[in-house]
Amino acid sequence: MKILVIGSGGREHALAWRLSQEGHQIFGAPGNPGIAQLGQIVPTTDYLAAASVVEPDLTVVGPEVPLVAGVVDQFRAQHRPIVGPTQEMAQLEASKIHSKEFMQRAGIPTARFVRAESSEVALAALPQFDYPIVIKADGLAAGKGVIIAQDRAEAESAVYSLGPTLVIEEFLVGEEVSFIVLSDGRDVVALEASQDHKAVGNGDTGPNTGGMGAYCDGRILSAYETQLVMDTVIQPAIAATGFTGFLYAGLMMTATGPKVLEFNVRLGDPETQPLMHRVEGGFGEVLMSAATGNLRGATLRWKSDPSVCVVLAAAGYPGQVRSGDVIHGLGNCPALVFHAGTKLGGQGIETAGGRVLGVTASGRDLSAAITNAYAGVSGIHFDGMHYRTDIGAKGLRRWTGTIGVPGT
Ligand code: AMP
Ligand code: GLY
């Protein structure tokens, strides 16, 4: 198939890599230097124009911004098969208030919350919660619109910095899991569970980022837990919305079961990088089935080896980022390197974004996958490069290899 991949980050490079491994012809709009090595770049964000040039058999959308802008509606109006949600369904991610109220209506477990459209309402709601308290900006914020405040003073300053339209919610304790399914509006195929590492520093310290690394291991959720998530979160969400595309449930596995922290209407980044490393052949056909309403009976197969992606970030990230640092060592890296924030400059590949590269590898067990990913990192260098050295460590510490819901 001719497949058009919309987006320019590491997630899209990983998708393009997997699909090109299966023999599909890849087009990237607007793409990045990594995707350019696998196929043809159409350097535009006018995606309909790109499609009229390429005439793809199938289009897959990576990021949320074009989805929220209605790219799926536009493609469908021209009868072009595309994987993604409509503009209306994309509101599940675009507005936290919409998303929380949807969960409440559909009976999907989530943290207790209050919506606030002004700082006054937000401040008045604070006493309804214990500390730490979670304060979220309503709109899209690239993973940076959430503050966990430890006391009243921090909460007040979060209200002013994130406001005026906010969700204030109860702090949940547990392990976070990224659970993504592919839906054709009726039937769903679940991807393997994965874990992101959102904070910039080791041990989950420092400010939140778009994701500093992820790993995928078949043991993250037990079969029982997976079924619980399907029954209490995924099925009610799909039944209520007829959602199409990738639905990402950011879960907290609490002592009282899985609760949804957020819905995203797309694949996760960087979760997609280790996921694409593990998925086996036929992924392109399953995507086509989803785009055409034929997902019933489809399955995805996964390699048993766990996979790990370590994100290499640019100077300043997640704050003000410096661009234009030359990247060395890409040529002989023993791991797969997915480009996220790079550009081709006068002296070769340079940094051009906060999250620059996703170094991805697998291994016979999680420990070996971690070793292999960091072996890949060790040969790469650019000025200001920083990364977490504990990606996957949570998985290693888990004694049974599953995130236990007590009694299961
Ligand atoms: P979100 O964008 O809603 O997923 O929030 C970003 C991150 O903030 C999550 O990945 C969690 O690490 C943390 N977080 C969000 N909501 C809560 C909550 N209710 N309790 C604890 N941590 C949370
Ligand atoms: N890795 C989190 C996200 O894609 O939103």
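Our subject is the structure listed above.
Note that the structure is predicted; figures quoted are calculated from it, not measured.

A. Geometry of the site of ligand 2. Around ligand 2 lies a shell formed by Asp196, Gly210, Tyr248, Asn264, Arg266, Gly268, Asp269, Pro270 and Glu271. Between Glu271 and ligand 2, the recorded distance is 2.7 Å, taken from a side-chain N or O atom to a nitrogen atom. Here ligand 2 loses 89% of its free accessible area of 200 Å² to cover by the protein chains. Class assignment of the residues belonging to the shell around ligand 2 gives a composition of two nonpolar, three polar and four charged.

B. Up close: the sheet that holds strand 8 (residues 146-149). Judged by pairing direction, the sheet is antiparallel, and its four strands sit side by side in the order 6-9-7-8 without closing on themselves. Across the chains shown, the open sheet's two edge strands, defined by having one partner strand only, are strand 6 (113-116) and strand 8. Strand-to-strand twist of the sheet, defined as the mean angle between neighbouring strand axes without regard to direction, takes the value 20°. In terms of strand pairing, strand 7 (residues 133-137) meets strand 8 through four bridges, oriented antiparallel. Its bridge partner lying in strand 8, Ile135 is registered against Ile147.

C. Structural detail: the environment of Phe113. Tracing the backbone shows Phe113 in strand 6. Leaving out residues up to four positions away in the same chain, Phe113 has contacts with Lys100, Glu101, Gln104, Phe129, Val167, Ile168 and Glu169.

D. Inspection of helix 1 (residues 10-21) at higher detail. An ideal rise of 1.5 Å per residue puts 16 Å on twelve residues; helix 1 measures up with 16 Å between its terminal C-alpha atoms. Among the twelve residues in helix 1, ten count as buried, and that is most of the element. Those residues of helix 1 lying buried are Gly10, Arg11, Glu12, His13, Ala14, Leu15, Ala16, Trp17, Arg18 and Leu19.

E. Broad picture of the nonpolar core. Residues Phe179, Val233, Ile234, Phe263, Val308, Leu312 and Ile380 are the most contacted members of the largest nonpolar core, which totals 67 residues. Residue contacts for Val233: discarding those within four places in its chain leaves Ile108, Pro109, Leu228, Ala249, Leu251, Val260 and Phe263.

F. Quick peek at helix 12 (residues 283-291). Buried residues of helix 12: Phe283, Gly284, Val286, Leu287, Ser289 and Ala290, and no others. Those residues of helix 12 that are buried are in contact with helix 1, strand 4 (58-61), strand 5 (82-83), strand 10 (175-184), strand 16 (244-254) and helix 11 (272-278).

G. Expanded view of the sheet that holds strand 4. Read across the sheet, five strands follow the order 3-2-1-4-5 without closing on themselves; strand pairing throughout is parallel. In this open sheet, the two strands that pair with only one neighbour each are strand 3 (40-41) and strand 5. Relative to strand 1 (residues 2-7), helix 1 is tilted by about 170°, and along the sheet it contacts strand 1, strand 2 (25-30) and strand 4. Across the sheet, helix 12 is in contact with strand 4 and strand 5; its angle to strand 4 comes to roughly 90°.

H. Structural view of the pairing of strand 18 (residues 307-313). Summarising burial for strand 18: seven of the seven residues are buried, a large majority. The alternating pattern of strand 18 places Ser307, Cys309, Val311 and Ala313 on one face and Val308, Val310 and Leu312 on the opposite face, and all of these are buried. As paired strands, strand 15 (residues 213-216) and strand 18 are joined by four bridges and run antiparallel to one another. If you follow Tyr215 over to strand 18, its bridge partner there is Val308.

I. Layout of the state of the cysteines. Here the structure, examined in full by the defined rule, presents zero disulfides. Sulfur of Cys216: no disulfide; nearest cysteine sulfur belongs to Cys309 and is 12 Å away. Cysteine Cys309 shares no disulfide, and the gap to the nearest cysteine sulfur, in Cys333, comes to 11 Å. Classification of Cys309 as buried rests on a relative accessible area of 0%.

J. Here's a closer look at the site of ligand 1. Taken together, 16 residues sit near ligand 1, with Lys136, Glu169, Glu170, Leu172 and Glu176 positioned nearest. At 2.8 Å, a side-chain N or O of Lys136 approaches an oxygen atom of ligand 1. Interatomic distance of 2.9 Å between a backbone N/O atom of Glu170 and a nitrogen atom of ligand 1. Protein chains shield 94% of the accessible area of ligand 1, which is 470 Å² for the free molecule. Where the shell around ligand 1 is concerned, the elements lending two or more residues are strand 7, strand 8, strand 9 (166-170) and strand 17 (257-264).

K. Highlighting the pattern of salt bridges. This model, assessed by the stated rule, comprises 24 salt bridges. Linking Lys100 and Glu169 is a salt bridge whose minimum nitrogen-to-oxygen distance equals 2.7 Å. Of this pair, Lys100 sits in helix 7 (residues 96-106) while Glu169 sits in strand 9, and the two are 69 residues apart along the sequence. We note a salt bridge from Lys394 to Asp204, for which the minimum N-O separation is 3.6 Å. Taken together, the residues Lys394 in helix 14 (residues 393-397) and Asp204 in the loop between strand 13 (199-201) and strand 14 (205-208) connect sequence positions 190 residues apart. Given a relative accessible area of 17%, Lys394 falls into the buried group.

Conventions we followed
- Sequence positions are assigned chain by chain, starting from 1 and proceeding in written order.
- Each chain gets a letter, beginning with A, and each ligand a number, beginning with 1, in the order they are written.
- Whole-chain, interface and lining totals are the exception, using all residues; otherwise, since this is a predicted model, local features are given only for residues with pLDDT of at least 70 and side-chain atom pairs are given and counted only at 80 or more.
- Neither water nor hydrogens contribute to the side-chain values; these are computed over all heavy atoms in the structure.
- Nearness is defined per residue: one heavy atom within 4 Å of the molecule or strand is enough.
- Throughout this description, a polar contact denotes any pair of N or O atoms lying within 3.5 Å of each other; where both atoms belong to protein, one of them has to be capable of donating a hydrogen while the other can accept it, and for residues adjacent in sequence the pair is counted only when both atoms sit in side chains.
- Per-residue accessibility takes into account occlusion by the displayed protein chains alone, with areas from the Shrake-Rupley method and a 1.4 Å probe.
- Following the grouping adopted for this structure description, the nonpolar residues are Ala, Val, Leu, Ile, Met, Phe, Trp, Tyr, Cys and Pro, the charged ones are Asp, Glu, Lys and Arg, and the polar ones are all others, Gly among them.
- Two strands are counted as paired when DSSP detects at least two bridges linking them.
- Working definition: helices are DSSP H or I runs of at least four residues, strands are E runs of at least two. Numbering for both runs from the N terminus.
- To get an axis, fit a line to the C-alpha atoms, keeping to the stretch in contact for a helix; angles then go from 0 to 180 degrees between the N-to-C directions.
- Contact criterion: two residues are considered in contact whenever any of their non-hydrogen atoms come within 4.5 Å of each other.
- Expected span, for any helix, means 1.5 Å times one less than how many residues it has.
- Here the term buried applies to any residue with accessible area under 20% of the maximum for its type, exposed to any over 50%, and partly exposed to those in between, with areas from a 1.4 Å probe on protein chains only.
- By nonpolar core is meant a set of buried Ala, Val, Leu, Ile, Met, Phe, Trp, Tyr and Cys residues that side-chain atoms within 4.5 Å join together.
- To count as a disulfide, a pair of cysteine sulfur atoms needs to be within 2.5 Å.
- Any carboxyl oxygen of Asp or Glu within 4 Å of a side-chain nitrogen of Lys or Arg constitutes a salt bridge here.

Limitation: the analysis is restricted to geometry and does not speak to function.
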